[in-house]
Structures are given as structure tokens and as C-alpha cells.
Amino acid sequence: MNMVKKITKDEREQIVTSIQEYFEVERGEQIGSIAAEQLLDFFMKELGPFIYNQGIRDAKGMVEEKVMNLEEDILSLERPVGRKLY
């Protein structure tokens, strides 16, 4: 799955600029936009699936929690059945 195609052109440009700024501030190096784009492509390919999968696990946990709460809410609406002895 090529996740690089799933980001917009504006997002890609913003990330490339961030990579260039990181290299300048943290490493004292200047890299061009082509090098930054190649680094972005590498990270998206190598790290993207891990980040995506964690997002899926987080979403699954949230949905499970919501379903459990919904189930409790529905069960709280049940009425007692049977005759009461006075």
C-alpha cells in the first residue's frame, strides 16, 4: 500500500518543509526539497503501516468501549418481569 498518494499536495509540501526545517534546526544541515521528498517517501513506506495499524487499533478500542457502554445503557432499560408477591 503506497500511503504517500493518500496525502494531498499541500500536506506533502508542508511535511517536506517540516523535514527541511528539522534538518536545519536539529542537525545544522540543509537538504533540498528532492532529498526531503525522498526521505518522506521512505518514512511513509517504512513507518506508515505501523502508524496506520496503531490508528486502527485505537479506533477498534474506542468502538468496543462505545458498544459496551451502549449495551449497558440498553440493558438498563429492561423492566422486571414476573409477579411480585405482596
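Before reading further, recall that the structure is shown in the block above.
Residues numbered from 1 in each chain as written. Predicted model: local features only at pLDDT ≥ 70, side-chain atom pairs only at ≥ 80, totals over all residues. Heavy atoms only, no water.

Here's the deal with the overall build of the protein
And step 1. Across its full length, the protein holds 3 helices and 0 strands.
And step 2. The N-to-C order of helical and strand elements in the protein reads α-α-α.
And step 3. For 86 residues, the compact-globule estimate of 2.2 N^0.38 gives 12 Å, and the protein exceeds it by more than 25% at 25 Å.
And step 4. Judged by the C-alpha coordinates and their principal axes, the protein covers about 85 × 30 × 20 Å.
And step 5. The buried share among the 86 residues of the protein stands at 12%.
And step 6. Counted over contacts in the protein with a minimum sequence separation of 6, partners at least 24 positions apart contribute 42%.
And step 7. If the 12 positive side-chain charges of the protein are averaged to one point and the 17 negative ones to another, these points end up 10 Å apart. (Helix = DSSP H or I, 4+ residues; strand = E, 2+ residues; numbered from the N terminus. Rg over C-alpha atoms; globule rule 2.2 N^0.38 Å. Buried < 20%, exposed > 50% of the residue type's maximum accessible area, 1.4 Å probe, protein only. Contact = heavy atoms within 4.5 Å. Lys, Arg positive; Asp, Glu negative; His and termini not counted. Charge placed at Lys NZ, Arg CZ, Asp CG, Glu CD.)

Brief notes about the packing of aromatic side chains
And step 1. Under the criterion given, the structure shown has 2 aromatic pairs.
And step 2. When the centroid spacing of 5.9 Å and the interplanar angle of 85° are considered together, the rings of Tyr22 and Phe23 count as edge-to-face. (Phe/Tyr/Trp six-rings, centres within 6.5 Å; stacked < 30°, edge-to-face > 60°.)

Digging into helix H2 (residues 33-46)
And step 1. With 14 residues, H2 should cover 20 Å at 1.5 Å per step; its first-to-last C-alpha distance of 20 Å lies within 8% of that length.
And step 2. Within the span of H2, buried status applies to Ala36, Leu40 and Met44. Down the axis of H2, the buried set is contained in an arc of 70°. They therefore lie on one face. Away from its buried face, by an angle of more than 90 degrees, H2 presents the exposed residues Ile34, Gln38 and Lys45.
And step 3. Residues of H2 that are buried in the fold lie against helix H1 (9-27) and helix H3 (48-75). (Expected span 1.5 Å × (residues − 1). Arc of directions from axis to C-beta.)

Some details on the packing of H1 against H2
Each pair of packed helices can be summarised by the angle the axes make with each other and by the distance between the axes.
And step 1. As a packed pair, H1 and H2 sit with axes 9 Å apart at the nearest point and diverge in direction by 105°. It follows from the interaxial angle that H1 and H2 lie roughly perpendicular. Here Arg12, Ile15, Val16, Ile19, Gln20 and Phe23 of H1 come into contact with H2, specifically with Ser33, Ala36, Glu37, Leu39, Leu40 and Asp41.
And step 2. Of the residues contributing to the contact of H1 with H2, the split by class is 7 nonpolar, 2 polar and 3 charged. (Axes fitted to C-alpha atoms, helices over the stretch in contact; angles between N-to-C directions. Parallel < 35°, antiparallel > 145°, perpendicular 65-115°, else oblique. Nonpolar A, V, L, I, M, F, W, Y, C, P; charged D, E, K, R; others polar.)

Digging into the nonpolar core
Across soluble globular proteins, nonpolar side chains show a tendency to be buried alongside one another.
And step 1. Among the nonpolar cores identified, the biggest contains 6 residues, and these are Val16, Ile19, Phe23, Ala36, Leu40 and Met44.
And step 2. Mapped by element, the contributors of at least two residues to this core are H1 and H2. (Core = buried A, V, L, I, M, F, W, Y, C linked by side-chain atoms within 4.5 Å.)

Considerations on the side chain of Arg12
And step 1. Structurally, Arg12 is set in helix H1.
And step 2. Look at Arg12 and you get buried, because its relative accessible area is 18%.
And step 3. Side-chain polar atoms of Arg12 contact the side chain of Asp41, separated by 2.8 Å. (Polar contact = N/O pair within 3.5 Å; in protein donor to acceptor, adjacent residues only side chain to side chain.)

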